[in-house]
Every structure is written in C-alpha cells, then in structure tokens.
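# Fold and geometry: a report
The chain contents come next:
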Amino acid sequence: MRYTLRQLEVFLAIAHFENVSHAANHLSMSQSAASGALKELEGLYDVKFFERAGKRLKLNELGRQFWPRAEALLAQARELEADLQSHRDLGRLNVGATLTIGNYLAVAIMADYMAQQPGARVHLEVANTRSIVDRVLTFELDLGLIEGELNHPDLELLPWREDELVVFCSPEHALASKEALTDDDLRAAHWIVRESGSGTRQTFERALHGLVPELDLALELEHTEAIKRAVETGLGISCLSRVCLQEAFKRGSLVELSVPHRDFHREFYFVLHRQKYRSPGIERWLELCRASVL
C-alpha cells in the first residue's frame with residue numbers, strides 16, 4: 001500500500017473546502033505540506049482528482065468516485081485507533097436532526113446513548129431537513145434524523161417512526177369552538193408556518209394540496225417555539241407535529257383543531273450516505289432510536 005492515511009485526510013479536506021489553504025488550516029498543517037501531500041497521492045497513480053475553477057478546486061468524476069471510499073476507509077482507521085485507545089469507545093458520532101426531532105426527541109436518545117457508552121462523544125446539529133441532507137451528502141454528518149421525504153441516488157432513507165401534524169390555535173381564537181374546520185375556514189384563517197425546506201412545511205403543503213395557493217401565509221418562522229408563541233398571542237393558526245404540542249395542549253394554552261377531511265400523517269426517517277461506513281456507534285444509535293418507539 002503506497003498511499004498514507006494522511007494523504008487521504010488531505011484529499012478529503014480539500015474536497016470539502018475546495019481550497020488547499022482552508023484544508024491546511026483545518027488539518028493544522030502548512031499550505032505547502034497539504035499541496036505536496038495531494039500532489040504525491042495523485043503522482044503515485046498518475047491521476048488527477050480535481051479541476052481548478054478560479055480559486056476553487058472542484059472534484060472531477062474520478063475524485064467524486066474516490067471520495068466516499070476514502071471517507072469510509074478513514075472512518076474505519078479512526079474507529080480502530082479509538083478501539084486501541086479505549087478498547088470499547090465507540091468514537092465521536094455526528095448526528096443531524098430536524099428542529100422537531102432535535103428539540104423534542106433526539107436529546108433524550110443522546111442522553112441514553114452517552115449513559116450506556118461511558119466516554120462516548122456525540123455532536124448533535126439541529127437544522128431543517130434540507131440542511132441536514134446536504135451535510136449527510138458531504139459526510140459532515142454520520143447520519144440524519146429527518147421529517148421530510150427525499151429521493152437521492154447517494155442516500156439511503158430508512159423509516160423510523162410515525163408522526164402527524166396538528167392544526168391548532170389559541171383558546172380565544174374564533175375557530176377554537178368549531179367541531180371541524182372546512183376548506184373555507186382554512187382559506188379565511190391567517191397562517192403561521194414553518195419555512196420552505198423544512199419537513200413540516202413539506203407535509204403541510206402535501207396535506208393541503210390544491211388549497212395552499214389560496215391560503216393566507218401571514219408569517220414564516222424557522223422555530224417551532226416561536227410559532228407556538230405567535231399562535232398563543234392570537235396572530236393566527238398553525239400546523240406542527242403533535243410531539244411538540246402535547247405540553248401546550250395539557251396546559252390549555254393551545255387547542256387542537258379538527259380537520260378530518262385532510263391527511264396530516266407522515267413518517268420520521270433516518271438518512272445515511274450509501275457509501276458511509278456503518279460504525280458500531282452508528283449502529284448503536286439506530287438501535288436506541290428504534291427502541292425509543294416501543
């Protein structure tokens with residue numbers, strides 16, 4: 001084996017940053033050393049992995065094919081090093097979760113994971129579905145927990161658990177006393193909704209298919225808590241996951257609105273890169289997530 005793991009690290013860093021200087025800073029090495037490592041790796045096999053586009057280095061087709069394999073090999077090397085150091089440490093796990101899942105489900109799973117694996121390290125990033133998917137694609141996240149559906153040849157989508165959105169308002173709202181809402185009620189209401197790119201927005205638009213262009217989308221907000229506060233103050237009605245509304249319904253600060261003729265059911269998913277090495281840490285996280293549904 002003529003290449004080194006350091007050369008693979010340099011290749012992956014340049015692929016991520018598309019810039020040798022930024023990659024060198026990330027790896028705490030000089031720019032000339034990083035450039036030399038890449039040149040040596042390419043020279044060993046008389047290949048080129050990048051095309052220059054201005055100041056950026058863009059992966060060519062060979063580089064795109066090499067990227068996931070280099071990522072998987074380096075992940076296994078890091079896991080081996082961690083095992084040698086601690087004999088049981090599952091290593092660092094980088095998990096992405098959408099806002100609903102991250103704020104209401106993932107933290108408890110992370111606590112269980114770290115309690116059962118002393119010394120385990122978990123980084124949890126909370127963002128919308130589009131952001132999580134993009135970071136899984138570039139191997140910045142080991143896996144994602146998302147609300148939205150997607151179809152991408154490089155990604156594997158695994159069903160996790162069922163969920164449903166709920167239309168709701170404040171107890172003082174004019175619709176609060178209605179037994180069931182009609183489409184005319186939905187058209188007349190002021191809506192406070194999640195931003196485009198979120199899984200919740202995707203399900204909302206699917207459930208109200210054919211009606212969305214006629215709705216008054218008065219506010220778009222990125223955070224569920226902000227939406228709940230806005231609805232509580234009477235600014236309009238909204239539609240969010242039941243998991244983030246249960247406490248408010250118990251307190252009576254928000255009330256559920258029935259829309260029986262519309263389907264708000266959906267699923268939560270795991271999303272992983274098809275070329276990502278499934279480390280013991282990833283497998284253990286998936287097990288805990290599935291067990292949390294039972």
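The paragraphs below set out a description of the structure included in this document. (Residues numbered from 1 in each chain as written. Predicted model: local features only at pLDDT ≥ 70, side-chain atom pairs only at ≥ 80, totals over all residues. Heavy atoms only, no water.)

Looking now at the environment of Glu-147. Within the secondary structure layout, Glu-147 lies in the loop between β5 (143-146) and β6 (155-169). Residue Glu-147 is classed as buried on the basis of its relative accessible area, which comes to 2%. Between the alpha carbons of Glu-147 and Glu-267 there is a distance of 6.6 Å; along the sequence they are 120 residues apart. Among the polar contacts made by the side chain of Glu-147, one reaches the side chain of Thr-200 at a distance of 2.7 Å. (Helix = DSSP H or I, 4+ residues; strand = E, 2+ residues; numbered from the N terminus. Buried < 20%, exposed > 50% of the residue type's maximum accessible area, 1.4 Å probe, protein only. Polar contact = N/O pair within 3.5 Å; in protein donor to acceptor, adjacent residues only side chain to side chain.)

Within the element layout of this structure, Ser-238 appears in strand β9 (residues 237-241). According to the relative accessible area criterion, Ser-238 is buried, its value standing at 0%. A distance of 2.5 Å separates a polar side-chain atom of Ser-238 from the backbone oxygen of Ile-192. Those residues in contact with Ser-238 that sit more than four places away from it in its chain are Val-166, Val-167, Phe-168, Trp-191, Ile-192, Ile-227 and Val-231. (Contact = heavy atoms within 4.5 Å.)

In contact at an axis separation of 9 Å, helix α1 (residues 5-17) and helix α3 (residues 31-45) are set at 110 degrees when each is read in the N-to-C sense. In terms of their interaxial angle, α1 and α3 are classed as roughly perpendicular. Contacts from Gln-7, Val-10, Phe-11 and Ile-14 in α1 reach Ala-34, Ala-37, Leu-38, Glu-40, Leu-41 and Leu-44 in α3. (Axes fitted to C-alpha atoms, helices over the stretch in contact; angles between N-to-C directions. Parallel < 35°, antiparallel > 145°, perpendicular 65-115°, else oblique.)

We now examine the pairing of strand β8 (residues 216-221). Two faces, one strand: in a regular strand the side chains alternate between the faces of the sheet. Pairing analysis gives 5 bridges linking strand β7 (residues 190-194) to β8, with the strands arranged parallel. Looking at the pairing, His-190 lines up with Asp-216 of β8. You can see the chain leave β7, run along helix α8 (residues 199-207) and come back into β8, and the turn it takes is right-handed. (Pairing = 2+ DSSP bridges. Right-handed = clockwise from strand over helix to strand, strands pointing away.)

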